[in-house]
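Tertiary structure, described
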Amino acid sequence: MDMLWSGWGDPDKAAPLPDSVIGLLRDLLGVAPRENEPAQLDGIAVPQSPLADDTLRALAECLGDGAYVRTDAESRIRHTRGKSTPDLLRIRAGEVDDIPAAVLLPGSHDEVLAVLRVCAEHGVAAVPFGGGTSVVGGLAPELKRCFVAMDLRRLDGLLALDEVSRTATLQPGLRAPQAEALLNERGFTLGHFPQSYEWASIGGFAAARSSGQASAGYGRFDEMVLGLTVATPEGTWEAGRAPRSAAGPDLRQLILGSEGALGVITSVTVRIRPLPTTRIYEGWRFASFEAGAAALRTLAQGGPQPTVLRLSDETETFIGLAQPDKIGSSDAPAAAGCMAIAGFEGTAEDTADRRARARKVLLGCGGEYVGEEPGDRWAHGRYNAPYLRDALLDAGAFAETLETAGFWSALPALYDAVRQALTAALTEGGTPPLVMCHISHVYENGASLYFTVVSAQGDDPVAHWAPAKQAANDAILASGGTISHHHGVGTDHRDWYTEEIGPVGVRILQAVKAEIDPAGVLNPGVLIPVR
Ligand SMILES: Cc1cc2nc3c(=O)[nH]c(=O)nc-3n(C[C@H](O)[C@H](O)[C@H](O)COP(=O)(O)OP(=O)(O)OC[C@H]3O[C@@H](n4cnc5c(N)ncnc54)[C@H](O)[C@@H]3O)c2cc1C
């Protein structure tokens, strides 16, 4: 099944907002119903593919079958940009100015290599396309030339599983649920459950350094990766052949987060864990975000480490985003303070032990145990928020998220600065927002901050969001945060990323790119500026 072209996920799961929420949006934020109907898929004017006949022929030869080179309007629309809110607003408005010239579906590493060679010879850019869930413009290269989207869905196998070492080699086009099912059949789990879990791919997780909701227990995706195979226009690049190594710099780190700018990942070897037999999620309430954050830090630094650990700020707790299924319902939580969710996965014995020890720590930090119901509700609704965004957009509201990470000591100032930047910019634009935040990835030395912004759409919602996003990005760097904890760089964050790594860092990446992609066809303008 394909994802909804103009929104999120399975079209059958789309649900309108309850009237109570529409009333709340109107009264709180001045949200008014939209006046324009969104574009229809078959009503969008798509320009003809600019690819020359000889290029199309050469690409079809690489793939052995013309059916794997698609130039029809629908395939190309479905591979236009990703799933950020501006992406959705633009596609709903029928804007396809950065549509791919063709969609290619390679079926092997060698076919990817062959396609890249043809692209380099013919001067056509190539954009790897996994699940298409990028929210940072990772699928929208700079448009100095036409480009093809290389959809990796046919590369969807489990290539190897080593039960002794607990490793698995996965192809990049496996979506997370497919990968998880293949591992579960053999008694293992990857433990990677980002909110985009239902649609995002293994290759995309590696290429964008993803982090899942159970990162406290299983780690970030980049921490799970042991080895990678990459196709480049200059040949095959393999990295990682032992669990740890002192054989020079770790080149896996150059591939992780490279977002298609340095090659196409065609297989990923990851560590795997035994499938848990017990899963328990529970709710804790803290008097303030500060008190809750201190409790999370105590666990992150002294243990025991839950598998899931997250904390909503006062606004997010009040609105009920910690439990998305409850928003607007009569039993929505109206209590003050901040809701935290702690989850424990593993064997019955291990979870009971960690849970009991975590309980002592959280009580000692002033937490109030509020039972398993909030945890179960969080687990049940954990993949629903993106559907809620579609319903908000339909109702005339604007909803977007952004994220960062910083050291514990810098986190309070980072939190204040981003909230203030978003509030000031959107208020100045005439659409005062509601800004919510949570911590959902914790480390010994710091944590991530994930902001959700809801406001009225204004006359031109894409233009109205741009200065707010810019102000938030500026505030993140000025306060010592990183421009992304897990969404990546793409084209949207590129200017701030170049500031974060500095001119020498940019030149190092450009030099590597020039060696392995001399024609500059790999996702140009994504991650680093075109030289
Ligand atoms: C609603 C929503 C919720 C999200 N929640 C999370 C979350 O909880 N955690 C999180 O980490 N992220 C999250 N994201 C962001 C996104 O899902 C991740 O960045 C994910 O890793 C992208 O995977 P994908 O397969 O969709 O990649 P794509 O969007 O297809 O690609 C992402 C980037 O990687 C490149 N790429 C893709 N595959 C390959 C490959 N095989 N080789 C080389 N380059 C490749 C693409 O060219 C692009 O630049 C969310 C996004 C949405 C829309």
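Computed from a predicted model, the values in this text were never measured in an experiment.

Another aspect to go through is the domain arrangement of the protein. Along its sequence, the protein is organised into domain 1 (11-151) and domain 2 (278-383). Using C-alpha coordinates to define each centre, domain 1 is positioned 38 Å away from domain 2.

To continue, consider the site of the ligand. Near the ligand there are 36 residues, and of these Pro128, Gly130, Thr133, Ser196 and Ser201 occur at the shortest range. Take Pro128: an N or O atom from its main chain is 2.6 Å from an oxygen atom of the ligand. Bound to the protein, the ligand loses 97% of the 960 Å² it would expose on its own. Elements represented by at least two residues in the shell around the ligand include exactly strand 3 (125-129), helix 7 (202-207) and strand 10 (264-271).

Feature annotation in UniProt places "binding site: substrate" (unreviewed entry) on Arg389, given in this structure's numbering. Of note is the side chain of Arg389, whose polar atom sits 2.7 Å from the backbone oxygen of Lys83.

Taking strand neighbours across the sheet as the criterion, the 5 strands line up as 5-6-10-8-9 in an open arrangement whose pairing is antiparallel. With one partner strand each, in any of the chains shown, strand 5 (158-162) and strand 9 (235-239) form the two edges of the open sheet. Ignoring which end each strand starts from, the neighbouring axes of this sheet average 10° apart. Bridge count between strand 6 (residues 167-170) and strand 10: 4 bridges; the pairing is antiparallel. Paired with Thr167 across the bridge in strand 10 is Arg271. Of the strands in this sheet, strand 8 (225-232), strand 9 and strand 10 are in contact with helix 5 (residues 109-122), which crosses strand 8 at around 45°.

Turning next to the nonpolar core. Leu311, Leu422, Ile439, Val442, Leu449 and Phe451 are the most contacted members of the largest nonpolar core, which has 53 residues in total. Those residues in contact with Val442, other than ones at most four positions away along the chain, are Ala216, Leu296, Ala300, Gln305, Leu309, Trp408 and Ala447. Counting 39 residues, the second-largest nonpolar core is a separate cluster that includes Phe188, Tyr218, Leu228 and Met339.

What follows is about helix 15 (residues 385-394). In terms of burial, helix 15 is a largely internal element, 7 of the 10 residues being buried. Those residues of helix 15 that fall on the buried side of the exposure criterion are Pro386, Tyr387, Arg389, Asp390, Ala391, Leu392 and Leu393. Taken together, the buried residues of helix 15 touch helix 1 (19-29), helix 4 (85-92) and strand 16 (397-407). Positive backbone phi, approximately 95°, marks Gly396, located one or two places after helix 15.

As a further point, take the UniProt feature "active site" (unreviewed entry) in the protein. Annotation from UniProt places "active site" (unreviewed entry) at Tyr450. In this structure, Tyr450 sits in strand 18 (residues 446-456). Setting aside residues up to four positions removed in sequence, Tyr450 forms contacts with Gln195, Thr401, Leu402, Glu403, Met436, Cys437, His438, His486 and His487. A distance of 3.2 Å separates a polar atom in the side chain of Tyr450 from a polar atom in the side chain of Thr401.

Glancing now at the packing of aromatic side chains. Centre distance and the angle of the planes are the two values used to describe a pair of aromatic rings. This structure, assessed with the given rule, holds 8 aromatic pairs. Measuring from ring centre to ring centre gives 5.2 Å for Phe398 and Trp465, while their planes differ by 35°; the resulting arrangement is tilted. Remark: Trp465 occurs in helix 17 (residues 461-478) and Phe398 occurs in strand 16; sequence separation between them is 67 residues. There is no split in this pair, since Phe398 and Trp465 are both buried. One aromatic cluster is present, formed by Phe193, Tyr197 and Tyr383 through successive ring pairs. Geometry around Tyr68 places Arg154 over its ring, the cationic atom sitting 3.5 Å from the centre. Just above the ring of Tyr369 sits the side chain of Arg359; from NZ or CZ to the centre is 4.9 Å.

Attention now goes to empty space enclosed by the protein. Any empty space left between atoms is shown by rolling a water-sized probe over those atoms. Across all of its chains, the model carries 3 cavities of 30 Å³ or more by this definition. The calculated volume of the second largest cavity comes to roughly 200 Å³. Along its surface, the second largest cavity is lined by 18 residues, and Met3, Arg78, His79, Lys83 and Phe129 are the ones closest to its centre. Elements that contribute at least two residues to the lining of the second largest cavity include exactly helix 3 (73-78) and helix 4. Residues belonging to the lining of the second largest cavity are distributed by class as follows: 6 nonpolar, 5 polar and 7 charged.

The rules behind each value
- Residues numbered from 1 in each chain as written.
- Predicted model: local features only at pLDDT ≥ 70, side-chain atom pairs only at ≥ 80, totals over all residues.
- Heavy atoms only, no water.
- Domains from an automatic or database assignment.
- Near = heavy atom within 4 Å.
- Polar contact = N/O pair within 3.5 Å; in protein donor to acceptor, adjacent residues only side chain to side chain.
- Areas by Shrake-Rupley, 256 points an atom, 1.4 Å probe, with all protein chains shown as cover.
- Helix = DSSP H or I, 4+ residues; strand = E, 2+ residues; numbered from the N terminus.
- UniProt positions renumbered as here; feature names shortened; annotations may be inferred.
- Pairing = 2+ DSSP bridges.
- Axes fitted to C-alpha atoms, helices over the stretch in contact; angles between N-to-C directions.
- Contact = heavy atoms within 4.5 Å.
- Core = buried A, V, L, I, M, F, W, Y, C linked by side-chain atoms within 4.5 Å.
- Buried < 20%, exposed > 50% of the residue type's maximum accessible area, 1.4 Å probe, protein only.
- Phe/Tyr/Trp six-rings, centres within 6.5 Å; stacked < 30°, edge-to-face > 60°.
- Lys NZ or Arg CZ within 6 Å of the ring centre and 35° of its normal.
- 1 Å grid on protein atoms, 1.4 Å probe; cavity = no way out; pocket = protein on both sides within 12 Å on 5 of 7 lines; lining within 4 Å.
- Points joined across faces, edges and corners; volume = space filled by probe spheres on them.
- Nonpolar A, V, L, I, M, F, W, Y, C, P; charged D, E, K, R; others polar.

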